[in-house]
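Spelled out, the chains give:
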Amino acid sequence: MSDSQRFPVAAHALAYLAHRDAYDPSRAAASAVLAASIPTNPVVIRRVTALLAKAGLIATRPGASGGSWLLKRPEDIRLDAVLRAVNGCAHLGSPPQGAKGCPISEHIPRQVAKALTAADTAAHEALSHITIADLLAENAPSLAAHAPHASCPVAA
């Protein structure tokens, strides 16, 4: 799975678990069920849920009776925490090393790295105001001023 898909898959999976009231192992959702909702491969789900579990947002249990469930209420899960859990804005890439002896090549990677930090900071700031509960709400105030992203295949 590409880095650029981790965050949307993670947010969708968390929203699905909240919708399903999966707050304990008896209500756990199997990776195949989550995968069908997104839709993606269960392996992708297991990779993302491992990151979410490591961040303390969900718990998981392997095996035939396994699955994932939330450790926090949806109104307490902010999307900046989800972004951090799946490694931030890594999909923006990292600057190339640059060629030794070239003044531009030695300068630009440092500046690009600063620009990436600025983008990551802005993303975290914007997402800190949105929760999983907001994603489930019909008209969440935190999302009211925004149209769906141009890459979204579903019309609003």
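Predicted model, so just to flag it, every value in this text is computed and none were measured.

Draft legend 1. Quick look at unusual backbone geometry. Of the consecutive residues Ile38 and Pro39, the connecting peptide bond is found in the cis state with omega at -20°. Among the secondary structure elements, Pro39 is positioned in the loop between α2 (31-37) and α3 (42-54). Positive phi, close to 55°, is recorded for Asp21, a residue that is not glycine. In this structure, Asp21 sits in the loop between α1 (3-19) and α2.

Draft legend 2. Spatial organisation of the packing of aromatic side chains. By the definition in use, this model includes 0 aromatic pairs. The cationic tip of Arg73 hangs over the ring face of Tyr23; the distance from NZ or CZ to the ring centre is 4.1 Å.

Draft legend 3. The pairing of strand β1 (residues 58-61), seen in detail. Pairing of β1 with strand β2 (residues 67-70) involves 4 bridges; the strand directions are antiparallel. Bridging from a neighbouring strand, Arg61 pairs with Gly67 of β2. Where β1 folds back on β2, the antiparallel hairpin that results is connected by 5 residues, among which Gly63 adopts a positive phi of roughly 100°.

Draft legend 4. Just the pattern of salt bridges, in detail. If you walk through the whole model with that rule in mind, you get 2 salt bridges. The salt bridge partner of Arg73 is Glu75, with a shortest N-O separation of 3.8 Å. The exposure class of Arg73 is partly exposed, given its relative accessible area of 41%. The closest approach of N and O atoms between Asp80 and Arg84, which form a salt bridge, is 3.6 Å. Here Asp80 pairs with Arg84, and both are found in helix α4 (residues 79-85), just 4 residues apart, close to one helical turn.

Draft legend 5. Summary view of the confidence of the model for the protein. Confidence in the prediction of the protein, expressed as mean pLDDT, is 88, and 92% of residues score 70 or more. Looking across the protein, the model is least confident in helix α5 (residues 103-127), with a mean pLDDT of 86, and most confident in β2, with 97.

Draft legend 6. Representation of the environment of Gln111 within the structure. With respect to the helices and strands, Gln111 occurs in helix α5. Using a relative accessible area of 31% as the deciding quantity, one classes Gln111 as partly exposed. Distance from Gln111 to Ala147, taken between C-alpha atoms, is 31 Å for residues 36 residues apart in sequence.

Draft legend 7. A look at a nonpolar patch on the surface. A cluster of nonpolar side chains, contributed by Ile104, Ile108 and Val112, occupies part of the molecular surface with about 240 Å² of accessible area. As for its position among the elements, Ile104 is in helix α5.

Draft legend 8. Quick look at α5. In this model, α5 (25 residues) spans 37 Å end to end at C-alpha, consistent with the 36 Å of a helix rising 1.5 Å per residue. Taken as a whole, α5 has its buried residues at Ser105, Pro109, His124 and Leu127.

Rules used in this analysis
Residues numbered from 1 in each chain as written. Predicted model: local features only at pLDDT ≥ 70, side-chain atom pairs only at ≥ 80, totals over all residues. Heavy atoms only, no water. Helix = DSSP H or I, 4+ residues; strand = E, 2+ residues; numbered from the N terminus. Phe/Tyr/Trp six-rings, centres within 6.5 Å; stacked < 30°, edge-to-face > 60°. Lys NZ or Arg CZ within 6 Å of the ring centre and 35° of its normal. Pairing = 2+ DSSP bridges. Salt bridge = Lys/Arg side-chain N within 4 Å of Asp/Glu carboxyl O. Buried < 20%, exposed > 50% of the residue type's maximum accessible area, 1.4 Å probe, protein only. pLDDT = per-residue confidence, 0-100. Patch = residues over 30% accessible without salt bridge, like charges linked within 9 Å, V, L, I, M, F, W, Y side chains within 5 Å. Areas by Shrake-Rupley, 256 points an atom, 1.4 Å probe, with all protein chains shown as cover. Expected span 1.5 Å × (residues − 1).

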